[in-house]
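# Reading the structure
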Amino acid sequence: GYGRGQDRIGNTRESHSATRARTPPPGAMAMIDLFGDTLQSKTGETSTADALLGKTVGIYFSAHWCPPCRGFTPKLSESYTKMTAAGKQFEIVFVSSDKDEAAFAEYFGDMPWLALPYAKRDLKAKLSKKFKVNGIPSLVIIDSDGKTITADGRDAIASDPAGESFPWAPPTLEEALGDEVLQADGEAREVKEIREEADVLALYFSAHWCPPCKAFTPKLSKTYEKVLAAGKKVAVIFVSSDRDAGSFKEYFGSMPPSWCSVPPSDKRKGQLSKLFDVSGIPQLVVLDAKSGEIINSNARGAVSADAGGVNFPWRPPAVADMSEPDGINESVSVALMMEGCTKEAQDALVEAVTPLAEESKADELLFFVARSNEGAAPQVRKLTSLGEATAEPQLLLLDIPDNGGFYTHKGDVTAASVRDFVSGYKAGSLERQQLS
């Protein structure tokens, strides 16, 4: 699809329509919060509550100027027509990234569903931000309460155009893992038994043909042995992306004999990759073995920096290192720029800011510290025109989902000033700048 280009690194809702006197049913409020009171249909305005009540909704982010969108829209139209004719409770709302109202009107003319009125640009921006849309076409499927079912509706339509698996809810961990996995001796082992015996379950997505994987596997194996020797209960399941049975067997044979595996030809590999958003390997997903709760969605960096396994099970710190800026493009992020500061100063400020970072998890606000020039720090400085690193800390707030917005703090950077800066952002009192 088409992304936002180089602003990536590595407003008020309209008043309720006076024309409607009745109160919408409770189930419709989630949809009104997302789209406003009215949507556009082929015949004019229609009530959001009436059009979407009780339905699964596809939010279709698209634009006429985008070639992949123009390629996908006819396929989506065909699927939508088939599914609604079959009686499925499905509606689509087109959210336009067209350059003007005329282009929107022309493109919407080819579509059989509803649209967010083009004039509601503030709601369009809110929807893009809420659903972390970084490129188009994007089809987000939500349930009748407005909760996300899958952000990958485009893939769902491509693989299931007739909607046989509608509404395409992703598999649970139990479904994706299945009942049995393969042991090193070729025998099967029950997943239930593995999870009962372990406190922590690590899923290791890797392959023999991948050089970074081959470099990381021996490190992970040694750290695993040390963690076991320290009396910790951990199990590892290797999820293979190998291209043939021979290379899988050879690679699995190089791993600790107590590890189990999901072979490469197994459909569970795709399900697990989708469930944990695995877009590159190696990736190490660390889970609570009993609840299935994610402890760390990619602990590769944490393991590489902790050969002795002292920090097992590698819960991500509240203030993450910018050398691995996971989430910075998708979430509002506070950035402590400290490459020029002493290690003592870095550690002291990170410790002081950690309570705020912990509190902010509920708001999906991320915190990063740049301790060196590794990773995203040079790019952040360039895009924000922050200049060279200084001996004093500098503070930014990056809002990349808001079309590449950012905010700069002026003055001393302390735990108190960081808290005030975040409060100012939430109150809308900071001056927004644009990434260059």
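Placed above this text is the structure.
Let me begin by describing the structure that accompanies this report. Computed from a predicted model, the values in this text were never measured in an experiment.

What follows is about the overall build of the protein chain. A count of helical and extended segments in the protein chain gives 15 helices and 22 strands. At 24 Å, the protein chain has a C-alpha radius of gyration in line with the 22 Å of a compact globule built from 436 residues. Counting only C-alpha atoms, the protein chain reaches 70 × 60 × 40 Å along its principal axes. If you sum the accessible surface of the protein chain, you get close to 20800 Å²; carbon and sulfur atoms cover 51% of it. Treating the 48 positive side-chain charges of the protein chain as one cloud and the 60 negative ones as another, the clouds have centres 2 Å apart.

Attention now goes to the nonpolar core. Counting 45 residues, the largest nonpolar core has Phe35, Leu52, Tyr60, Phe61, Phe94 and Phe131 as the members making the most contacts within it. Ignoring anything within four residues of it in the chain, the contact list for Leu52 reads Met31, Phe35, Leu39, Val57, Glu91, Val93 and Leu114.

Across its 19 residues, helix α9 (residues 211-229) extends 28 Å between first and last C-alpha, which sits within 8% of the 27 Å expected from 1.5 Å per residue. The axis of α9 is deflected most strongly, by about 25 degrees, at Thr217, and proline Pro218 appears within four residues downstream. Turning to α9, its buried residues are Cys213, Phe216, Thr217, Leu220, Ser221, Thr223, Tyr224 and Val227. Buried residues belonging to α9 abut β12 (200-206), β13 (234-240), α10 (245-253), β15 (283-288) and α12 (300-304).

The subject of this paragraph is the sheet that holds strand β21 (residues 405-408). Pairing is mixed in the open sheet, where 6 strands are placed in the order β17-β19-β18-β20-β21-β22. Pairing within the sheet leaves two strands with one partner each, and these edge strands are β17 (319-321) and β22 (433-434). Here 3 bridges tie β17 to strand β19 (residues 366-370), and the two strands are oriented parallel to one another. Residue Asp321 lies in a different strand from β19, and its bridge partner there is Val369. Set on the sheet, helix α14 (residues 377-384) makes contact with β18 (333-337), β19, β20 (394-399) and β21; between it and β20 the angle comes to about 80 degrees.

Turning our attention to the state of the cysteines. Applying the stated criterion to the full structure yields 1 disulfide. The disulfide partner of Cys210 is Cys213, and the S-S distance across this bridge is 2.5 Å. Residues Cys210 and Cys213 share a disulfide whose torsion about the S-S bond is about 80 degrees; that sign makes it right-handed.

Turning next to empty space enclosed by the protein. When its volume is computed, the largest cavity comes out at roughly 80 Å³. Lining the largest cavity, in full, are Val200, Ala202, Leu220, Thr223, Tyr224, Val227, Val234, Val236, Leu284, Val286, Phe312 and Trp314. A total of 4 residues in the lining of the largest cavity trace back to one element, the largest contributor, which is α9.

Conventions and cut-offs
Residues numbered from 1 in each chain as written. Predicted model: local features only at pLDDT ≥ 70, side-chain atom pairs only at ≥ 80, totals over all residues. Heavy atoms only, no water. Helix = DSSP H or I, 4+ residues; strand = E, 2+ residues; numbered from the N terminus. Rg over C-alpha atoms; globule rule 2.2 N^0.38 Å. Areas by Shrake-Rupley, 256 points an atom, 1.4 Å probe, with all protein chains shown as cover. Lys, Arg positive; Asp, Glu negative; His and termini not counted. Charge placed at Lys NZ, Arg CZ, Asp CG, Glu CD. Core = buried A, V, L, I, M, F, W, Y, C linked by side-chain atoms within 4.5 Å. Buried < 20%, exposed > 50% of the residue type's maximum accessible area, 1.4 Å probe, protein only. Contact = heavy atoms within 4.5 Å. Expected span 1.5 Å × (residues − 1). Bend = angle between axes of the 7 residues up to and from the residue. Pairing = 2+ DSSP bridges. Axes fitted to C-alpha atoms, helices over the stretch in contact; angles between N-to-C directions. Disulfide = S-S within 2.5 Å. 1 Å grid on protein atoms, 1.4 Å probe; cavity = no way out; pocket = protein on both sides within 12 Å on 5 of 7 lines; lining within 4 Å. Points joined across faces, edges and corners; volume = space filled by probe spheres on them.

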